[in-house]
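# Fold and contact review
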4 protein chains.
Amino acid sequence: MSGSTLGTLFCVTNFGESHGPAIGCVIDGCPPGMALDAADIQRDLDRRRPGTSRHVTQRNEPDAVEILSGVYEGQTTGTPIALLIRNQDQRSKDYGDIALRFRPGHADYTYWHKYGLRDPRGGGRSSARLTAPTVAAGAVARKWLREQYGTQFRACMTQLGELEIPFESWEHVPRNPFFVPVADVQRYEDYMDALRKAHDSCGARIRVQASGVPVGLGEPLYDKLDADIAKVMMGLNAVKGVEIGAGFASVAQRGSVHGDAITPEGFETNHAGGILGGISSGQDIEVSLAIKPTSSILTPRPSIDINGQPVEVVTKGRHDPCVGIRAAPIAEALLALVLMDHALRNRAQCGDAR
Amino acid sequence: MSGSTLGTLFCVTNFGESHGPAIGCVIDGCPPGMALDAADIQRDLDRRRPGTSRHVTQRNEPDAVEILSGVYEGQTTGTPIALLIRNQDQRSKDYGDIALRFRPGHADYTYWHKYGLRDPRGGGRSSARLTAPTVAAGAVARKWLREQYGTQFRACMTQLGELEIPFESWEHVPRNPFFVPVADVQRYEDYMDALRKAHDSCGARIRVQASGVPVGLGEPLYDKLDADIAKVMMGLNAVKGVEIGAGFASVAQRGSVHGDAITPEGFETNHAGGILGGISSGQDIEVSLAIKPTSSILTPRPSIDINGQPVEVVTKGRHDPCVGIRAAPIAEALLALVLMDHALRNRAQCGDAR
Amino acid sequence: MSGSTLGTLFCVTNFGESHGPAIGCVIDGCPPGMALDAADIQRDLDRRRPGTSRHVTQRNEPDAVEILSGVYEGQTTGTPIALLIRNQDQRSKDYGDIALRFRPGHADYTYWHKYGLRDPRGGGRSSARLTAPTVAAGAVARKWLREQYGTQFRACMTQLGELEIPFESWEHVPRNPFFVPVADVQRYEDYMDALRKAHDSCGARIRVQASGVPVGLGEPLYDKLDADIAKVMMGLNAVKGVEIGAGFASVAQRGSVHGDAITPEGFETNHAGGILGGISSGQDIEVSLAIKPTSSILTPRPSIDINGQPVEVVTKGRHDPCVGIRAAPIAEALLALVLMDHALRNRAQCGDAR
Amino acid sequence: MSGSTLGTLFCVTNFGESHGPAIGCVIDGCPPGMALDAADIQRDLDRRRPGTSRHVTQRNEPDAVEILSGVYEGQTTGTPIALLIRNQDQRSKDYGDIALRFRPGHADYTYWHKYGLRDPRGGGRSSARLTAPTVAAGAVARKWLREQYGTQFRACMTQLGELEIPFESWEHVPRNPFFVPVADVQRYEDYMDALRKAHDSCGARIRVQASGVPVGLGEPLYDKLDADIAKVMMGLNAVKGVEIGAGFASVAQRGSVHGDAITPEGFETNHAGGILGGISSGQDIEVSLAIKPTSSILTPRPSIDINGQPVEVVTKGRHDPCVGIRAAPIAEALLALVLMDHALRNRAQCGDAR
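A quick note: this is a predicted structure, and the numbers were derived from the prediction, not measured.

All names here are of chain C. Pairing is antiparallel across the open sheet formed by five strands, whose spatial order is E1-E2-E3-E7-E4. On the outer flanks of this sheet lie strand E1 (5-6) and strand E4 (65-67), each paired with one strand and no other. With two bridges connecting them, E1 and strand E2 (residues 11-16) associate as antiparallel partners. Bridge assignment links Leu6 to a residue of E2, and that residue is Val12. In this fold helix H3 (residues 131-149) packs onto E2, strand E3 (22-28) and strand E7 (81-86), with an angle of close to 30° to the strand it touches most, E3.

This is the structure in structure tokens:
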């Protein structure tokens, strides 16, 4: 299976470039008989859409999705669901001067060496814009999981640059442009404004959670649920670290503390993050992501051109000074896609297990 | 593809249970014409073998590997290489009392609910013993990568419980039972002795590195090199976190610092950990793992039995008080398997790219 | 991998319904650096296009293809190539009366029972119209194979209903609407006219050939080249039989005749059809297909409706009285897709074999 | 996925060489909780075992199977089932003289060119001996299908060389060494004796049938049920043709005849062979195979050696003069493996469809 398809049974094939005619995906394997229309998908796309606050890229893309197939009279038919999003607001001239030089921290260098050529407009295939089809596919997955099991997904930012963000309530998350779980976001507004003036960028840490997960999802030995979650999360643009449950803090824990005690009422703690032996336990799945600072900055950086000559690179274009800001809905979608695929895989093999 | 097979082209199918007749794997897709004998594989198996110091499980397994197929007159033929390791030192009676109760922190609970039954002897399929076939397969991969590109793999422990371990030199790693890069390991001996007396366990952090990696490995969008590395690492028993390059530290970095500057002589830093846009850059690949404390401890823990009744669980058997101690060679093998698979995938698609 | 994706490395994901907004496919895994534009693909699409003679369906579809991604400045970039064909000439009202009844010989019955619902317009997903994206993908594959190895594909009709068609020359094939290798096609014109008047349909036998095939393509044990060819051919709408080389005639052959003698100048015969042990031998690959008569006919047939009640079915709509007539370019495309995938697989594993 | 694994969810990975230490397979994805022991598998292995009559190879292999994993206390656990068969009666010296020359009609030539080397002993990997693990895996599949749906598999020979074999009754099939459905087999005994004396070989035609198949198995567009059946059948050693239902006879049929009429009581005929639009209809699945004459004969044949020099080849060793004789149980197993995989795939996607 080639590298642009995700999933074994609920398969999402992603296509497109940042400044090409269109981006989109084909979802194959969706169960039939689920009500689905474009609005179900648009809702999630709108949550990751660029241009919605001054803290993200000013590229203005409606990201309107068209369902090309797989839905008949408002219901999924079990055949492939093709989703199309036309690119609208390309300004490829912004990228003319980076076509022949490699932006530090970017995929320019590696695409060039791997493929021998690359589409440099807006980062081409390596642009975070390609997370839009993933979010669209995720919307289909989460609808099915919600209807089938009551599974819910949510994500928030827990660190912005060096600022650790306290957890107040999930309620605040949709009410601010940062997806932070706090009521007063002035501190983050100021931080981002200063960063932008400094022509620099910062990283972020994102927490993703699934609740209402059925027990039994995950395929040991290699396709464990946590393994597949780590894969999709690390595969998200700019992610450099993934934790499940206690994550790196578990290194310093004792076994007598880490192993979540079980009572007739359920687990007492959730250091495991909802996964034991690679299989969901029914507890909330808890994931944490490290997102690196955006590489596209106005500060000049030393690099080389395609002939190996030293050059200086300043990235103009329109960029997110912290790509983590829009990562929350994407991370939710990725988690939903993994759970969806494993829900079908589990039903296939263990559909009649006790 | 079912969950016990790893890889798209260099496919490793793992089988066996901790106390069954045998464990092993089938490697399909190995290039033909490579010299290979059992000794090439045994070397790596011996590095992860149990019973080699008082700090690891005292189960005595020779882990002698037999090559059943795929090699003719000392050379790989391109056909599947089946590797067999007979289990020798099973003491299944140790596990009689956990057959009907769930050890906290273990896969008992989830296997039971997923499959409706489980082989409880020694953890059955969820035992870390099943990393032996992975290591065996990894030995084949690293031999090919070494001969083809000069790629080298190494790993060391960088934290033991709450003790951060300074990096002195890779030379020390093979000379102590902890795989630590320091000359004097008395501190770690004492720490482990105290832990064992306390009937408890601790976690560890492992660093894994590949050097001599060709540029261009990795398949965007979903099968990025870092995504696949995160998958195999998170899939390793007890792992709760994975970092590539700067990892979680990149959250607080500025873009002007994180993005590795490029000069005609190469990259100036390696915050990326050798991967840009999901594709290897030719720099060293740097991975860090968080390993949780062993769940099998002699301290009694509250749990339930298969009927949901409260019970207390004490895990006797023979266990590693810190599974991280033997993780280094396994992590190397996993990294080798990912690079091997991507090397073949890259040759397939881009074999004639510039 | 779900059922609408073909190939392991050169992966074609097909989407769409006969009367939905659009049909198309995503090709993932195409090598980078190949010149490609829409005209390269349109040429083959035009060869299978409906409405080109009175002997095929009168549905008028331009089948104009749009390349949405994967091509930059006229060259493939190695990223997914999405191809879009808008449906234009749907007349879904023709199908209103078959929405609730099952046409004999059609997929209506099985789709309904499998999925619990179906898109009945024009056969929905089961329509032969969905071969158009396959042909489009095949055009990309055959261009690469031609440039890389000089491989050529051709197909012709060898039997129409009960009429066996003599082989005169490949030159005649593109010059008549039947893809027959004879100069004078009056006999077939008359035959088809009579059939149409009788409100009936007939089958056909198609021969497909690839020449200039490199030796070594095919992956034993299960993914043999002939196995994969049989799969795609039997998967083509209406196909009921597939032969390689001598096919069913080999049953009555003696081993002393069938086994193609080898001389320093090459093979003396080609009963094997270019494949030995599942691997291409370098000889022409020879495939023969049996295509059943079209099930959509104006003659009334007994059937049942979705409630199990007996009904009579007459299929109006616009249909090919012999679907075999347009099968030649499709069969060529399918053969090209299989060879392309195996060429990449072979390069991956055996790229440096002697 | 590499070429020695069959199936998407019920995955069989085959390994071994004819004269290596062992052959076997790993079955991954088997549902848990099914009673299984070695005897369940041995029964089918014994039906294809060599050395059981004078009309097949005299190699004496007990083909005793050992279950290495995946079964605990007599029940499948849902983890991989590894099956091992030690080779016993190798006489590799028989093959010394063909190590450097290519037997006409054999895989020698293509393996050599693909891999650059080959294991020539007994045909190595290309030997029909490797169908034994397939039969073993098939035994597991058919047990599950029988218990779940009552599905039954049977096969018989319908043509031996030029002799067409009338169908009398399935009852006769297990009572003669030819798997023919007739009471008196003297004619076939004589035919085979004459053939052996003539130092020649012949082909055969095999009919395979599955009854009690649930409706709804098959994944359009590419992974249709008939497509996957054609794949495994054409992939069986020596097969040159595959038909479903009416097969090649459908070419001369009229649509008014071929399309099986449907009544409230069921289908009136079965020209479709149990599959419509690539999905099982619930009717018997009917498949027919063309098996070529064995290439290994005592009659001298012209060929070349690995240096391209002309040689004469006489194949001594121990061979089946008609490989079709032992093909019936293998074909049944292959059909069972395809149905098993599709049963799981269907349950995954359509498990809750009406």
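On to the relation of the copies chain D and chain C, then. What relates the pair of chain copies is a rotation about an axis plus a shift along that axis. Mapping chain D onto chain C calls for a rotation angle of 180° and an axial translation of 0.0 Å; the resulting RMSD is 0.0 Å. Look at the turn and shift together and you get a two-fold axis relating the two. Minimal C-alpha distance to the rotation axis in chain D is attained by Lys231(D), lying at 2.3 Å.

This brings us to the environment of Arg101(C). Residues and elements named next belong to chain C. The topology assignment puts Arg101 in the loop between E7 and helix H2 (108-115). With sequence-adjacent residues up to four places away left out, Arg101 is seen in contact with Asp108, Arg118, Ile304, Asp305, Val311, Glu312 and Val313. One polar contact links the side chain of Arg101 to the main-chain carbonyl oxygen of Glu312, over a distance of 2.9 Å.

Right, let's get into the packing of helix H1 (residues 38-48) of chain A against helix H3 (residues 131-149) of chain A. Residue and element names in this part refer to chain A. Axis separation between H1 and H3 bottoms out at 8 Å; the angle between their running directions is 135°. Regarding the angle of H1 to H3, the classification is oblique. You can see that H1 and H3 cross each other, and the crossing is right-handed. Facing H1, whose interface residues are Asp40, Ile41, Asp44, Leu45, Arg47 and Arg48, H3 presents Thr131, Ala132, Val135, Ala136, Ala139, Val140, Arg142 and Lys143. Class assignment of the residues belonging to the contact of H1 with H3 gives a composition of seven nonpolar, one polar and six charged.

About the criteria used
- Residues numbered from 1 in each chain as written.
- Chains lettered and ligands numbered in written order.
- Predicted model: local features only at pLDDT ≥ 70, side-chain atom pairs only at ≥ 80, totals over all residues.
- Heavy atoms only, no water.
- Pairing = 2+ DSSP bridges.
- Helix = DSSP H or I, 4+ residues; strand = E, 2+ residues; numbered from the N terminus.
- Contact = heavy atoms within 4.5 Å.
- Axes fitted to C-alpha atoms, helices over the stretch in contact; angles between N-to-C directions.
- Least-squares fit on C-alpha atoms with pLDDT ≥ 70 in both.
- Polar contact = N/O pair within 3.5 Å; in protein donor to acceptor, adjacent residues only side chain to side chain.
- Parallel < 35°, antiparallel > 145°, perpendicular 65-115°, else oblique.
- Left-handed = near helix turned anticlockwise from the far one by under 90°.
- Nonpolar A, V, L, I, M, F, W, Y, C, P; charged D, E, K, R; others polar.

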